Amino acid sequence: MRPATDRSGLADAPNWGAAVWLPAIFTTLAALVVYGLTLAPDLTWANHGVDGGELMTAVYTRGLPHPPGYPLYRLLGQIVVYLPFDPVAYRFNLFSAITVALAAGVLTLAAARWPLPTAARPLSAITAAAVGLTFAFSSLVWSQATITEVYGLALLLLALFLWALLTKRPSLLTGFLLGLSLTAHPTGWFMLPLALAQTPRAGWPRLLLGGLVGLLPLVLLPWLAHPASPVVWGEPTTLRGWWWLVSGQLYRGYAFALPLADLPVRLAAWLPIWLSQFTWAGIPLIAAGVWLLPRPERQQALWLGGTAVLYLLFALAYLPDDAIILALPAWLLLSLLLAPTYHKLGILALCLPLILLLVNFNEQNLRADKQPIRGRAEALLAAIPPGAVVSTPGDPTIFALWYFQHVEGQRPDVILVDENLWAFDWYRARLARLHPGLAGLEQPDAANFAALNIEERPSCRASLNTHFTIPFNLTCAEEIDS
């Protein structure tokens, strides 16, 4: 009797399970060790990590971070809080390392089953491990494994989705993993055309049903927003406020909003970075891999490549300067397209991830962080007069000070008020609930607010600087410090 085979042609032999799992475990552990050696030891702004302070404060105080609220990160973060490492920021940096390393391991599982023929079993472990390690050691992926951000969890869930899709798991499971990935980052929607194209039409209802079930964590947002947390964006307890949060209305204006005149400049800056992810050999290896595939798998590969291009274009046209991080799923997809060429190369396939490891190690090593925040934030907090109302000029400062005040308990007497958030009614309403003694919160009039409260509390404006010459700026009503 012939052994049963799936559409990729791999026999479901009893000993094949170990051959699949061993390279995946090796890849995960190897990536985790490297990430551990390069992990940021504390709160950092490196690698576009400004949101780290806000994410940790939201988890620690049981609030909700910026849209779309990231409910799955918020829930898993409750476990991370109890890890036996200090400071708290290190625990969350480690969580990113674990999730990205697991994503590389799951990608290895997918590569072990797609698209290698049955005769390739002896070399498939090497091929699969090389795919996973190439992904793990590419610079953009590595950069998000050493800081606190949501992208590691998003990559893990997308890797699980790709594994389920490409290894022909039940459509209900595939849809569930896709839906769940959307609760980690909304750009998972770009995988939907790929999912529909690679799922028989008869399986579409189960795929979409699974997707809806995977979205259920979003329903929990009203219950995840603790009234005492300083970090709850919007009004998730109302239907309108909930939709504002989960639909990311605050950031809709950024999508495809980069002026056409700026597009060549950004492309010129980003293209060398993109080409360096798999070194100069990446594009030829991917092109050769697609050409080596038989027609059915080649069509599948073109869908993978097309979805990767979609991510690259979206990131390219997204307005903020740190939008390059939104292209991360593209490297997940493109890594898989290396598999056919890696199979031909045999053990030589391990050369590319080894080269990436050696080339990127120093650049990605945050053990001696070049952007230390703790020293300047603690110096700023120490210089603020007792009981002051302190206005901040936006994300880097307010997110960092939230972390040191609400997570580490420094200067609880100070009231932090952010100028960028001040325009939102829900933000001023939260300030009023948390600090009932403040006056002038009914209207977005900052000058009137300062005038009404100056007699009761000192009024200051503070900012943390990204430049090292002056660590912070602090201006108060009576004096100026720096």
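Since the model is a prediction, treat every value here as computed from it, not as a measurement. (Residues numbered from 1 in each chain as written. Predicted model: local features only at pLDDT ≥ 70, side-chain atom pairs only at ≥ 80, totals over all residues. Heavy atoms only, no water.)

K.L.:
Quick one: what's the story with the packing of aromatic side chains, residue by residue and with numbers?
P.N.:
One pass over the full model with this rule turns up 22 aromatic pairs. Ring centres 5.1 Å apart and planes at 80° place the aromatic pair Tyr403 and Phe404 in the edge-to-face group. Of the two residues, Tyr403 and Phe404, both sit in the buried class. Among the aromatic side chains, those forming a connected cluster through ring pairs are Phe190, Tyr251, Tyr254, Phe256, Tyr311, Phe314 and Tyr318. (Phe/Tyr/Trp six-rings, centres within 6.5 Å; stacked < 30°, edge-to-face > 60°. Buried < 20%, exposed > 50% of the residue type's maximum accessible area, 1.4 Å probe, protein only.)

K.L.:
Which residues make up the state of the cysteines, and what values go with them?
P.N.:
If you walk through the whole model with that rule in mind, you get one disulfide. Disulfide partner of Cys460: Cys476, at an S-S distance of 2.1 Å. Looking along the S-S bond of the Cys460-Cys476 disulfide, the torsion reads about 105°, which is the right-handed sense. Here the residue Cys460 occupies a position in strand β3 (residues 459-464), and Cys476 occupies one in strand β4 (residues 472-476), the gap between them amounting to 16 residues. Among the residues examined, Cys460 registers a relative accessible area of 4% and is labelled buried. You can call Cys476 buried: its relative accessible area is 8%. (Disulfide = S-S within 2.5 Å. Helix = DSSP H or I, 4+ residues; strand = E, 2+ residues; numbered from the N terminus.)

K.L.:
Give a detailed account of the pairing of strand β2 (residues 415-418), specifying residues and quantitative values.
P.N.:
Residues of β2 alternate between two faces, with Ile415 and Val417 on one and Leu416 and Asp418 on the opposite face, all of them buried. In this fold, the crossover linking strand β1 (residues 389-392) to β2 by way of helix α20 (residues 395-407) has right-handed handedness. (Right-handed = clockwise from strand over helix to strand, strands pointing away.)

K.L.:
Mind laying out the pairing of β4, listing which residues take part and the relevant values?
P.N.:
Where burial is concerned, the two faces of β4 differ: the one with Phe472, Leu474 and Cys476 is buried and the one with Asn473 and Thr475 is not. Here five bridges tie β3 to β4, and the two strands are oriented antiparallel to one another. Bridge pairing links Ala462 to Leu474 in β4. (Pairing = 2+ DSSP bridges.)

K.L.:
A description of the confidence of the model for the protein chain should follow, citing residues and the corresponding values.
P.N.:
Averaged over every residue, the pLDDT of the protein chain is 90; the share at 70 or more is 93%. Long-range and interchain partners of residues 1-16, a stretch whose pLDDT sits below 50, account for 28 contacts in this model, where long-range means more than four residues apart. (pLDDT = per-residue confidence, 0-100. Contact = heavy atoms within 4.5 Å.)

K.L.:
Explain the side chain of Arg428 to me, and be specific about the residues and the numbers.
P.N.:
Its location among the elements puts Arg428 in helix α21 (residues 425-434). A distance of 3.5 Å separates a polar side-chain atom of Arg428 from the backbone oxygen of Ala423. At 3.1 Å, the side chain of Arg428 and the backbone oxygen of Leu441 are in polar contact. Ignoring any residue separated from it by four or fewer positions in sequence, one finds Arg428 in contact with Trp422, Ala423, Leu441, Glu442, Gln443 and Pro444. (Polar contact = N/O pair within 3.5 Å; in protein donor to acceptor, adjacent residues only side chain to side chain.)

K.L.:
Help me get a handle on helix α2 (residues 52-60), residues and values and all.
P.N.:
The periodicity of an α-helix, 3.6 residues per turn, causes residues three or four places apart in sequence to face the same way. The buried count for α2 comes to eight of nine residues, which makes it a mostly enclosed element. Of the positions making up α2, those classed as buried are Gly52, Gly53, Glu54, Leu55, Met56, Thr57, Ala58 and Val59. At its buried positions, α2 is contacted by α3 (71-80), α4 (88-113) and α20. Just beyond α2, the residue with positive phi is Arg62, at close to 60°.

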